[in-house]
Amino acid sequence: MSKTGSCLCGAVKYRVKSEISEVGACHCGMCRKWTGGVNLAFQVAANDMEITGGDHITYYPSSDWAERGFCQKCGSSLFYRVTAEGPQKGEYHVGMGTLEDTAGVTLTSEIFTDEKPDGYGFAGDLPGMTGAEVFAMYAPDIEQK
Ligand SMILES: [Zn+2]
Ligand SMILES: [Zn+2]
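In this report, we go over the structure that sits alongside the text.

The rules we used
- Residues numbered from 1 in each chain as written.
- Chains lettered and ligands numbered in written order.
- Predicted model: local features only at pLDDT ≥ 70, side-chain atom pairs only at ≥ 80, totals over all residues.
- Heavy atoms only, no water.
- Helix = DSSP H or I, 4+ residues; strand = E, 2+ residues; numbered from the N terminus.
- Contact = heavy atoms within 4.5 Å.
- Buried < 20%, exposed > 50% of the residue type's maximum accessible area, 1.4 Å probe, protein only.
- Arc of directions from axis to C-beta.
- Pairing = 2+ DSSP bridges.
- Axes fitted to C-alpha atoms, helices over the stretch in contact; angles between N-to-C directions.
- Donors = N, O, S within 2.8 Å, 3.2 Å for Na, K, Ca; no water.
- Tetrahedral: all angles 85-135°; square planar, octahedral: opposite > 155°, others 65-115°.
- Salt bridge = Lys/Arg side-chain N within 4 Å of Asp/Glu carboxyl O.

**Let's talk about the side chain of His27**
Tracing the chain through its elements places His27 in the loop between strand S3 (22-26) and helix H1 (29-35). Beyond its immediate stretch of four places on either side in the chain, His27 contacts Arg32, Val38, Glu110, Ile111, Phe112, Thr113, Glu115, Lys116, Tyr120 and Phe122.

What follows is the structure, encoded as structure tokens:
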């Protein structure tokens, strides 16, 4: 079952060809600024993503290894996309809030737990990783900033 989503104004729409069942929360300071809250995102391989209205997307290169796409008309944060060379290049991490239908999509993990503000938290005991653990797993060569 494919899922569809869009920005707030509808200028950008997308359809995901793969199954979406899990989202992860990222508590890092960059995601917090970018989304204005917690970034809840699901992963989509480059080939499974179909975007219409893509010319309304502006890409902000937020680090040496990823960029963040937002709608230039309404400002909605859309997705984080890996730009670093390697098997994950082009992979999307799409904001759950952009989905039309969130049925069947469950929060299953948290990352950058060490940067989460103390004033809130998710219920349940989810598996989590600190920022240092994330860098060690995905980018051992990248110096953490
Ligand atoms: Zn828009
Ligand atoms: Zn983040």
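**Some remarks on helix H2 (residues 131-138)**
All buried positions along H2 are accounted for by Gly131, Val134 and Phe135. The buried residues of H2 occupy one face: seen down the axis, they fall within an arc of 95 degrees. The exposed set on the far side of H2, more than 90 degrees from its buried face, consists of Ala136 and Met137.

**Side note on unusual backbone geometry**
Non-glycine residue Phe112 carries a positive phi angle of around 55 degrees. The topology assignment puts Phe112 in the loop between strand S10 (106-111) and strand S11 (128-129).

**Regarding the sheet that holds strand S5 (residues 49-52)**
Pairing in this open sheet of three strands is antiparallel, and the strands run S1-S2-S5 from one edge to the other. The outermost strands of the open sheet, each flanked by one partner alone, are strand S1 (3-6) and S5. Each neighbouring strand pair of the sheet contributes to a mean axis angle of 20 degrees, computed without reference to strand direction. Taken together, the four bridges between strand S2 (residues 13-16) and S5 define a ladder with antiparallel strand orientation. Its bridge partner being in S5, Lys13 is matched across the sheet by Thr52.

**Describing the coordination of the zinc ion (ligand 1)**
Coordination of the zinc ion (ligand 1) by the protein involves Cys7 (SG), Cys9 (SG), Cys71 (SG) and Cys74 (SG), with metal-donor separations of 2.3 Å. Around the zinc ion (ligand 1) sit four donor atoms; with metal-centred angles ranging over 107 to 112 degrees, the donor geometry is tetrahedral. When the donors of the zinc ion (ligand 1) are listed by position in the chain, the intervening gaps give C-x1-C-x61-C-x2-C. Linking Cys9 in the loop between S1 and S2 with Cys71 in strand S7 (residues 66-71), this pair joins segments that are 62 residues apart in sequence.

**A word on the pattern of salt bridges**
Taken as a whole and assessed by the stated rule, the structure comprises five salt bridges. Lys17 serves as the salt-bridge partner of Glu50, at 4.0 Å between the closest nitrogen and oxygen. Of the two residues, Glu50 is situated in strand S5 and Lys17 in the loop between S2 and S3; the sequence distance between them amounts to 33 residues. Where Glu67 meets Arg81, a salt bridge forms, and the shortest distance between an N and an O atom there is 2.7 Å. Residue Glu67 is located in strand S7, and its partner Arg81 is located in strand S8 (residues 77-82); the two are separated by 14 residues in the primary sequence. The residues Glu67 and Arg81 share a single accessibility class, namely buried.

In short, shape yes, function no, at least from these values alone.
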